Amino acid sequence: MKTRIFSLIQRAFRSAPAVHPVENGMARRWIKQRLTAVFPELRNNPAALERAYQTLGLEPRAGHGEDEAETVFELRMPGQS
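Scope of this entry: the structure provided in the associated data block. (Residues numbered from 1 in each chain as written. Predicted model: local features only at pLDDT ≥ 70, side-chain atom pairs only at ≥ 80, totals over all residues. Heavy atoms only, no water.)

## Let's talk about the overall build of the protein
For step 1, the next point in the chain: For the protein, the helix and strand inventory stands at 3 helices and 2 strands.
For step 2, the next point in the chain: Helices and strands appear in the protein in the N-to-C order α-α-α-β-β.
For step 3, the next point in the chain: Classification of the 81 residues of the protein by burial places 19% in the buried group.
For step 4, the next point in the chain: Partitioning the contacts of the protein with sequence separation of at least 6, the portion at a separation of at least 24 is 29%. (Helix = DSSP H or I, 4+ residues; strand = E, 2+ residues; numbered from the N terminus. Buried < 20%, exposed > 50% of the residue type's maximum accessible area, 1.4 Å probe, protein only. Contact = heavy atoms within 4.5 Å.)

## Describing helix H2 (residues 21–38)
For step 1, the next point in the chain: Across its 18 residues, H2 extends 26 Å between first and last C-alpha, which sits within 8% of the 26 Å expected from 1.5 Å per residue.
For step 2, the next point in the chain: Buried residues of H2: Ala27, Ile31, Lys32, Leu35 and Thr36, and no others. Within H2, the buried residues cover an arc of 170 degrees as seen down the axis, which keeps them to one side. Away from its buried face, by an angle of more than 90 degrees, H2 presents the exposed residues Met26, Arg29 and Trp30. (Expected span 1.5 Å × (residues − 1). Arc of directions from axis to C-beta.)

## Observations regarding the nonpolar core
For step 1, the next point in the chain: Core analysis: the largest hydrophobic core is formed by 10 residues, namely Ala27, Ile31, Leu35, Leu42, Ala48, Leu49, Ala52, Tyr53, Leu56 and Leu58.
For step 2, the next point in the chain: At the level of elements, H2 and helix H3 (46–56) are the ones that each hand at least two residues to this core.
For step 3, the next point in the chain: Per-element accounting of this core gives the leading share, 5 residues, to H3. (Core = buried A, V, L, I, M, F, W, Y, C linked by side-chain atoms within 4.5 Å.)

As structure tokens, then:
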């Protein structure tokens, strides 16, 4: 019980972890691959692919709980805050 409370307190005061550039690049590449798989018209149009990626708004956040990784990337749909 003490360790659980202590871990909750630690998690509350821990700052958001810095995202390593390699992780950010890997996430970016994976998202772009998925976009080209779902939308084949983006395959030969790098400018449109970049615009589609930018509108999704990839944002890193700290993972919550033991079942998530330390850093989790969330996609924000256009118009979502």
